[in-house]
Structure formats: C-alpha cells, structure tokens
Amino acid sequence: MIEIKNLSKEFQTADGTVEALKDVNLTIGDGEIYGIIGMSGAGKSTLVRCINMLERPTEGQVLIDGQDIGALSTAELRKARREITMIFQGFNLLMQRTCLKNICFPLELAGVNKTEARKRAMELLEIVGLPDKANAYPAQLSGGQQQRIAIARALATEPKVLLCDEATSALDPKTTHAILELIRDINRRLGISVIIITHQMSVVEEICSRVAILDEGRVVEEGLVSEIFSSPKSKAAKRLVFPEGADEILLETRGERRIRVVFSGAVASREPLIAKMAMEEKIAASILGASTRSIGDKAYGNMLLGITGDDDTVRRAIDYLRSIPDVLVEEVTDHV
C-alpha cells in the first residue's frame, strides 16, 4: 500500500516561493491501477517524483507498506527505488546500447551477474512482446516499441510499484491503446501497483480503477473513475471530463431537461442508442453535445441529451439508458 500524507512541495525561484503541491493525501492499494490527472502545471510530475524521492517534499510523508521512504538513508533509498520504478514520455533509453543491454542495465547496477541478467532480460522481452528485438538498437524501433523496452527495463528489478509519467503522451491513439493493454496485462500477471500520471482523461478512463484530480497542487476530487465520470463535482474535474464545455448549454429557456450519459466500456451497438430509445420508448431526445469513441467493441466518452417532456418522460429515459451495462446516467441541473 502507498500512503501519501500531508505532502507539500515548495520551490524557490527568482520570483519567490512556488507551491507546487499543497497538503496532498492519497491512499493507493496493492495491485491497483491508479490515475493522477490534471492540466499542465497542476503538480502531477512533481507528485510522482516525490513518491520515489527524486524530489524531496517540503512537508509530509510517503509510506510504502508502512515504511517512510523519506526517512531512509541514501543506500536504503537506492535499494527501495528498485521496487519503485518509472517510465517516462521520452522513453529515456540508452541509445548506444542494444535493447537487451538496456534491460540488463538496472540489473548490472544491482550487482546481478551477466548470465542471470541476460536470462531475466530475455524473459521480459517475451512479456512485452519483443523477443526478436534483443540485438536491435532503440533508434531502429518505433515509439511504441521503445516504450515497450522501457517498460521491460522498469520491470527488471521486480518492482512492487510502476510509476508512469505521461508514458503514452508521445504516442498515437492506436499505440497508446496497445501500451495501456500491456500495462494492464502486467498488472494482472505480476500484481504490480501502477500509478498513471497523465493529462488525458481517455487514458484514465481506459485503464484506471480510481483517480485523483489535481489542480494547482491540490487534490480537488478523488474516487472511482466511474463515479467521477458520471458526476464530477469540482470545476477541474468537469473541465477534464467535459472538455468541450457541453454542460454550459442553457436549456431551461427552451423547456428542455438535460441528461448526461457516460459510456464507460459499454458494448458498442450498430443501432444508434438514441434512435432505439425513440422507437422503443417513444421518447425523442436531441443530442446537444457528444465526445465518444470506440476502442475495439467498447464505447467510451460522454453525451449530453435534451429531452422535452414531463417528469415521467425524463424518468423513463433515465431508466432506459441505465438498463444498458456500463452506461452511467444522471440529470444535469447545474452548470460547469
């Protein structure tokens, strides 16, 4: 278990003190895939660097399995970091080393003999799906392949925690999906806790079970991804969940009621959902805003509907939409 308690971080600049993190408190369970999301400058990267003490917090603690990481000696911290590894947006591979030797590198630093290190590296190449790239150099690989090698290197020391700092931001959507599937598979097979740092809500939506919304160094909302997607409370969460600002449409003057529909992995149907509701329930709905996409046969995203009718009509519409698995529905009565 990872416990972040009353964590604050200040930086001294020419313009004065900058508070990058302000009293952050989070608990992340063993084997969980946990998302930390926020806009640029929210403090996400500072937070992840405080978790493995690449940045020393000004105040507060980071406890892993009850051990205060900040209280360790230099030698103890070096050993602890083998169990808290990290992958980055820029891959950070050693370009003069082959893929195999990149994966062996942290094992060499840990004092593992070459034969054992090579055996472990080959096993990891199998896990990330690149057993044929052992003797290739990073420059010969695509971005997605380089990130797979970076993941294999991060797994070399058999860590308990994998920190992913914007690890898919440099990748196209198809490659991003493949990397997230790999991380999910590693999480299931090896039981590693994963912390995903990102500014992309789609990444959190696809892979994380819980999420913390970071804004100006503070955690402004935290909970199950499905609940925050269904009913974001903070302004920061609403900006992330509904980036198009669809909730700002004022419908009351038109006599319409608003319903927000969130797709969290619902099986995509070839028959349009709103048209089907109109035919089966005789309820007409206008689509006021939508941001949806399909990944495989699953639908993700959100939709804002306008419905004209009495309370019974709105209730029947909500009941109909809620009957569909992995679809979250609520009536919208406020504005972002």
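Cut-offs used in this document
Residues numbered from 1 in each chain as written. Predicted model: local features only at pLDDT ≥ 70, side-chain atom pairs only at ≥ 80, totals over all residues. Heavy atoms only, no water. Helix = DSSP H or I, 4+ residues; strand = E, 2+ residues; numbered from the N terminus. Buried < 20%, exposed > 50% of the residue type's maximum accessible area, 1.4 Å probe, protein only. Contact = heavy atoms within 4.5 Å. Areas by Shrake-Rupley, 256 points an atom, 1.4 Å probe, with all protein chains shown as cover. Lys, Arg positive; Asp, Glu negative; His and termini not counted. Charge placed at Lys NZ, Arg CZ, Asp CG, Glu CD. Phe/Tyr/Trp six-rings, centres within 6.5 Å; stacked < 30°, edge-to-face > 60°. Lys NZ or Arg CZ within 6 Å of the ring centre and 35° of its normal. 1 Å grid on protein atoms, 1.4 Å probe; cavity = no way out; pocket = protein on both sides within 12 Å on 5 of 7 lines; lining within 4 Å. Points joined across faces, edges and corners; volume = space filled by probe spheres on them. pLDDT = per-residue confidence, 0-100. Salt bridge = Lys/Arg side-chain N within 4 Å of Asp/Glu carboxyl O. Pairing = 2+ DSSP bridges. Axes fitted to C-alpha atoms, helices over the stretch in contact; angles between N-to-C directions. Polar contact = N/O pair within 3.5 Å; in protein donor to acceptor, adjacent residues only side chain to side chain.

### Brief notes about the overall build of the protein chain
Piece 1. When helices and strands are counted, the protein chain shows 11 helices and 14 strands.
Piece 2. Overall, the C-alpha framework of the protein chain stretches about 75 × 50 × 35 Å when taken along its three principal axes.
Piece 3. Per-residue burial for the protein chain yields a buried fraction of 50% across its 336 residues.
Piece 4. Considering only intrachain contacts with a sequence separation of at least 6, the fraction spanning at least 24 residues in the protein chain is 69%.
Piece 5. About 16,100 Å² of surface is accessible on the protein chain, with carbon and sulfur atoms providing 48% of the total.
Piece 6. Of note, the protein chain has its 42 positive side-chain charges centred 6 Å away from the centre of its 48 negative side-chain charges.

### Overview of the packing of aromatic side chains
Piece 1. All told, the structure shown has 0 aromatic pairs when counted by the stated rule.
Piece 2. Above the face of the phenylalanine 11 ring, lysine 9 is positioned so that its terminal group lies 5.0 Å from the ring centre.

### Remarks on empty space enclosed by the protein
Piece 1. Applying the stated rule across the entire model yields 1 cavity of 30 Å³ or more.
Piece 2. One number sums up the size of the largest cavity: a volume of about 50 Å³.
Piece 3. What lines the largest cavity is simply Cys164, Glu166, Ala167, Thr168, Ser169, Leu180, Ile183, Ile196, Ile197, Thr198, Gln200 and Val203.
Piece 4. Elements that contribute at least two residues to the lining of the largest cavity include exactly helix H6 (173–190) and strand S8 (193–198).
Piece 5. Considering every element that reaches the lining of the largest cavity, the biggest residue donor is S8, with 3 residues.

### Quick notes on the confidence of the model for the protein chain
Piece 1. Of all residues in the protein chain, 92% attain a pLDDT of 70 or more, and the chain-wide mean is 86.
Piece 2. Confidence over residues 246–253 falls short of pLDDT 50; this stretch has 18 contacts with residues more than four positions distant or in other chains.

### Focus on the pattern of salt bridges
When the charged atoms of two side chains lie near each other, side chains of opposite charge can form a pair.
Piece 1. With the rule as written, the count across this model stands at 18 salt bridges.
Piece 2. With a closest N to O distance of 3.8 Å, glutamate 55 and arginine 49 form a salt bridge.
Piece 3. Salt-bridge contacts for lysine 160 lead to glutamate 83; the nearest nitrogen and oxygen are separated by 3.8 Å. Within this pair, whereas lysine 160 is found in the loop between helix H5 (143–155) and strand S7 (161–165), its partner glutamate 83 is found in the loop between helix H2 (74–80) and strand S6 (84–88), the two being separated by 77 residues in sequence.

### A closer look at the sheet that holds strand S5 (residues 67–68)
Piece 1. Judged by pairing direction, the sheet is antiparallel, and its 4 strands sit side by side in the order S2-S1-S4-S5 without closing on themselves. Of all strands in the sheet, those with a lone pairing partner are strand S2 (16–28) and S5, marking the two edges.
Piece 2. Note that strand S1 (residues 2–13) and strand S4 (residues 59–64) share 5 bridges and pair antiparallel. By the bridge assignment, lysine 5 is partnered in S4 with glutamine 61.
Piece 3. The sheet strands contacting helix H1 (residues 44–51) are S1, S2 and S4, and the helix crosses S1 at an angle near 120°.

### Concerning the sheet that holds S8
Piece 1. Judged by pairing direction, the sheet is mixed, and its 6 strands sit side by side in the order S6-S7-S8-S3-S9-S10 without closing on themselves. Where the open sheet ends on each side, the last strands, each with one partner, are S6 and strand S10 (218–224). When strand polarity is set aside, the average angle formed by the axes of neighbouring strands in this sheet is 15°.
Piece 2. Across 4 bridges, strand S3 (residues 33–37) lies against strand S9 (residues 210–215) in parallel orientation. Bridged to isoleucine 37 within S9 is isoleucine 213.
Piece 3. Contacts from H1 reach S3, S6, S7, S8 and S9, with the element oriented near 155° to S8.

### Regarding the layout of surface pockets
Piece 1. The computed volume of the largest pocket comes to approximately 630 Å³.
Piece 2. Lining the largest pocket are 20 residues, with Arg81, Thr85, Met86, Pro106 and Leu109 positioned closest to its centre.
Piece 3. Of all elements in the fold, only S6, helix H3 (99–109) and H5 reach the threshold of two or more residues within the lining of the largest pocket.
Piece 4. Per element, the largest residue contribution to the lining of the largest pocket is 5 residues, and it comes from S6.

### Quick notes on the pairing of S4
Piece 1. Where S4 and S5 come together, 2 bridges link them in antiparallel fashion. Within S5, the residue paired with leucine 63 across the bridge is aspartate 68.
Piece 2. Hairpin connection between S4 and S5: a loop of 2 residues separates the two successive antiparallel strands, and aspartate 65 in this loop has a positive phi of roughly 55°.

### Comments concerning the side chain of glutamate 221
Piece 1. Within the fold, glutamate 221 resides in strand S10.
Piece 2. Within the buried set, glutamate 221 has no salt-bridge partner at all; the shortest N-O distance to an opposite charge, 5.3 Å, is to lysine 233.
Piece 3. Polar side-chain contacts of glutamate 221 include one of 2.8 Å to the backbone nitrogen of serine 234.
Piece 4. Look past the residues within four positions of glutamate 221 in its chain and what remains in contact with it is Val211, Ala212, Ile213, Ile228, Ser231, Pro232, Lys233, Ser234 and Ala237.

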